[in-house]
Amino acid sequence: MNEVMIDIRNLSKWFGDFKVLSNVNETVKKGQTIVLCGPSGSGKSTLLRCVNGLEPFQEGEVVVDGTSLTDPQTNLNQLRQKIGMVFQRFELYPHMTAKQNITLAPRKVRNMSQKAADNKASELLKRIGIPEKADDYPANLSGGQQQRVAIARALAMEPKAMLFDEPTSALDPEMIKEVLDVMIALAKEGMTMVCVTHEMGFAREVADEIIFMDEGEIVERGTYEDFFKNPQSERAKDFLEHIL
Amino acid sequence: MFFDYHVIIENLPYLLQGLVVTFKLAGLALAGGIFFGMLVGLGRISQRNLIYYPVSAFVNFLRNIPLIIIIFWVYFILPIMVGRNIDPFLAAALAFIIFESTYFGEIFRAGYQSISKDMVGSAYATGLTYWQVARYVTIPIAFRRMLPSLITQSIITFQDTSLAFVIGLHEFVTRANVVNNLEYRSIEIYSFVAVVFLILCYIGSRISLHFETKYRKANVL
């Protein structure tokens, strides 16, 4: 369990003159679940997008499963197959059914046969609890169901790690639990996960480490108990007062 | 007899030949307008100033000038510049392609821009390549979103072809005018022209509505 899955070293990033990430260091070991929190605009989502190369960065290094993103030899498309990502607004392909959303990448990227991909999709839909929705379009699914399909779509590529960018913040309260349950099960099965979320129940149950970011920097890090019961910095205290 | 339909029946072959010219002109205007429109649309979202600014200037310039002036330019001024006459059909086709490419360009720009950064990101995140993302995700979604506007703009283009009248191109409306000058039956002839346009354009707008309802239901729009 000590194998390093994601290693972020001295990462800095600017949008024009504005420094969005400032000298970020973080090591995620295999099987760990990390929760990233902080006020909006603190750089959490940007950091997540740097890990799978959706955002370029100017300084530092990110190594995923032994492959460096900054190495010109690295094929980003191949690297991204190892890292699943789930977005705030689900981002399912609206013109495809739930099953087609899940099978697109396995078929086109892995060259899996239609039949094998369909079987895989059925299995995943069963796992997320909505096998009967295979042929429904995203428009006919609730937010919670859409987000679960988005998780299944990412899992279909059998990733070694998963990134979650505020996966429940666009959901109605009664749907949050069904998505968190899938995420908790995933964490307990040993998936390596980095989650941007303010869901405290989730953090308490599965987070190995909580990272608090503000203004592009990691201000504080610790276990659930450390961070929520005994925050050290003023910024973290201030933030916790607002969300709790 | 107040409404003498014989005048239409007797001149029908002549009028329909004009309609064929109208269809040819509209077909060329649409094919060229849509093809160059795609390029104009890409230019309008380009990150490179060298592409973005000239294309934007082209679009803003042409969209603020009446179509008829562009037809005059191509038919009367372009021959002076190139030193030889241009046939009315070619001039009209050229003017329409230039003009429509700006309108279609804006439709394509809106279509490309309607796709969120995260939608593209979610496709890349599964390991799809640039061309796979374009082929399976962005182009199909953008196309569905643009289709109603594309059909509507095509109907407008079809109606606008009658402006080629001003440079004497023998399309449908010009020929109707010729018949009227001989027969003095303006009520019958111009009503007939209106009904033909009405039927063709109404069919087009129903098709557009069909796709709009379908895609709105699927939440693609």
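None of these values were measured; they are calculated from a predicted model.

Colleague: So, the layout of surface pockets: which residues are in play, and what are the values?
Modeller: All names here are of chain B. Of the volumes computed, that of the largest pocket is approximately 1,000 Å³. Along its surface, the largest pocket is lined by 26 residues, and Leu42, Ile45, Tyr112, Tyr130 and Thr138 are the ones closest to its centre. Only helix 1 (6-44), helix 4 (88-113), helix 5 (117-125) and helix 6 (130-160) provide two or more residues apiece to the lining of the largest pocket. Element by element, the count of residues in the lining of the largest pocket is highest for helix 6, at nine residues. Within the lining of the largest pocket, the residues separate by chemical class into 17 nonpolar, six polar and three charged.

Colleague: Which residues make up the pattern of salt bridges, and what values do they have?
Modeller: Opposite charge on two side chains allows them to pair when their charged atoms are near. All names here are of chain A. Within this structure, the stated rule accounts for 26 salt bridges over all chains. The salt bridge involving Glu55 is made with Arg49; its shortest N-O contact spans 3.6 Å. On the accessibility criterion, Arg49 (7% relative accessible area) is buried. Two residues, Arg235 and Glu217, come together in a salt bridge whose shortest N-O distance is 3.7 Å. On the criterion of sequence distance, the pair formed by Arg235 in helix 9 (residues 234-243) and Glu217 in strand 10 (residues 217-222) is long-range, its members being 18 residues apart. Taking relative accessible area as the criterion, Arg235 reaches 33% and is therefore assigned partly exposed. The exposure class assigned to Glu217 is partly exposed, which follows from its relative accessible area of 32%.

Colleague: Requested: an account of the interface of chain A and chain B, with residues and values cited.
Modeller: Between chain A and chain B, the residue contacts involve 23 residues of the former and 23 residues of the latter. For the pair chain A and chain B, the summed buried area comes to about 2,000 Å², and 62% of that belongs to carbon and sulfur atoms. Connecting chain A to chain B are two salt bridges. At the boundary of chain A and chain B, one finds nine residue pairs in polar contact (both at pLDDT 80 or more). Taken together, the elements giving at least two residues each to the side of chain A that touches chain B come down to helix 2 (76-80), strand 6 (83-86) and helix 3 (98-108) of chain A. The element that contributes the greatest number of residues to the side of chain A that touches chain B is helix 3 of chain A, accounting for three residues. Looking at the side of chain A that touches chain B, its residues break down into 13 nonpolar, four polar and six charged.

Colleague: Quick one: what's the story with a nonpolar patch on the surface, residue by residue and with numbers?
Modeller: Residues and elements named next belong to chain B. A contiguous nonpolar patch, built from Phe61, Ile69, Phe72, Trp73, Phe76, Ile77, Met81, Val82, Phe165 and Val166 and spanning about 900 Å² of accessible area, is present on the exposed surface. The dominant element in the nonpolar patch, judged by the number of residues it contributes, is helix 3 (residues 67-82), at seven residues. Relative to the elements of secondary structure, Phe76 occurs in helix 3.

Colleague: Describe the packing of aromatic side chains, with residues and values.
Modeller: What the rule picks out here adds up to 17 aromatic pairs over all chains. On the basis of an interplanar angle of 45 degrees and a centroid distance of 5.2 Å, the ring pair of A:Phe212 and A:Phe239 is categorised as tilted. In this pair, A:Phe212 is assigned in strand 9 (residues 209-214) and A:Phe239 in helix 9, connecting sequence segments 27 residues apart. With a relative accessible area of 0%, A:Phe212 lands in the buried category. For the pair B:Tyr130 and B:Trp131, a centre-to-centre distance of 5.1 Å together with 90 degrees between the ring planes defines the contact as edge-to-face. In terms of burial, B:Tyr130 and B:Trp131 fall into one category: exposed.

Colleague: Quick rundown of helix 4 (residues 114-127) of chain A? Include the residues and the values.
Modeller: All names here are of chain A. With 14 residues, helix 4 should cover 20 Å at 1.5 Å per step; its first-to-last C-alpha distance of 20 Å lies within 8% of that length. Restricting attention to buried positions, one finds in helix 4 the residues Ala117, Asp118, Lys120, Ala121, Leu124 and Leu125. Down the axis of helix 4, the buried side of the element spans an arc of 160 degrees, and every buried residue falls inside it. Turned more than 90 degrees off the buried face of helix 4, the exposed positions are Lys115, Glu123 and Lys126. On its buried face, helix 4 is in contact with helix 3 and helix 5 (143-155). With its phi angle positive at about 85 degrees, Gly129 sits one or two positions after the end of helix 4.

Colleague: Explain the sheet that holds strand 4 (residues 59-64) of chain A residue by residue, including any values.
Modeller: Residues and elements named next belong to chain A. Judged by pairing direction, the sheet is antiparallel, and its four strands sit side by side in the order 2-1-4-5 without closing on themselves. On the outer flanks of this sheet lie strand 2 (18-29) and strand 5 (67-68), each paired with one strand and no other. Of the pairings in the sheet, the one linking strand 1 (residues 4-15) to strand 4 comprises five bridges and is antiparallel in character. Opposite Arg9, over in strand 4, you have Glu61 as the bridge partner.

Colleague: Summarise unusual backbone geometry; cite the residues concerned and give the values.
Modeller: Residues and elements named next belong to chain A. The phi dihedral of Asn23 falls on the positive side, at around 50 degrees, and the residue is not glycine. Along the polypeptide, Asn23 turns up in strand 2. Within the chain, Asn111 stands out as a residue other than glycine whose phi angle is a positive 55 degrees. Among the secondary structure elements, Asn111 is positioned in the loop between helix 3 and helix 4.

Colleague: Go over empty space enclosed by the protein, please, and point to the residues and values.
Modeller: All names here are of chain A. Tallied over the entire structure, the rule returns one cavity of 30 Å³ or more. Within this model, the largest cavity holds a volume of roughly 70 Å³. In terms of lining residues, the largest cavity is bounded by Ile6, Ile8, Glu26, Val28, Ile34, Leu36, Leu47, Leu48, Val51, Val194 and Ile211. Secondary structure elements with two or more residues in the lining of the largest cavity: strand 1, strand 2, strand 3 (33-37) and helix 1 (44-51).

Analysis parameters
Residues numbered from 1 in each chain as written. Chains lettered and ligands numbered in written order. Predicted model: local features only at pLDDT ≥ 70, side-chain atom pairs only at ≥ 80, totals over all residues. Heavy atoms only, no water. 1 Å grid on protein atoms, 1.4 Å probe; cavity = no way out; pocket = protein on both sides within 12 Å on 5 of 7 lines; lining within 4 Å. Points joined across faces, edges and corners; volume = space filled by probe spheres on them. Helix = DSSP H or I, 4+ residues; strand = E, 2+ residues; numbered from the N terminus. Nonpolar A, V, L, I, M, F, W, Y, C, P; charged D, E, K, R; others polar. Salt bridge = Lys/Arg side-chain N within 4 Å of Asp/Glu carboxyl O. Buried < 20%, exposed > 50% of the residue type's maximum accessible area, 1.4 Å probe, protein only. Contact = heavy atoms within 4.5 Å. Buried area = accessible area lost by both parts, 1.4 Å probe. Polar contact = N/O pair within 3.5 Å; in protein donor to acceptor, adjacent residues only side chain to side chain. Patch = residues over 30% accessible without salt bridge, like charges linked within 9 Å, V, L, I, M, F, W, Y side chains within 5 Å. Areas by Shrake-Rupley, 256 points an atom, 1.4 Å probe, with all protein chains shown as cover. Phe/Tyr/Trp six-rings, centres within 6.5 Å; stacked < 30°, edge-to-face > 60°. Expected span 1.5 Å × (residues − 1). Arc of directions from axis to C-beta. Pairing = 2+ DSSP bridges.

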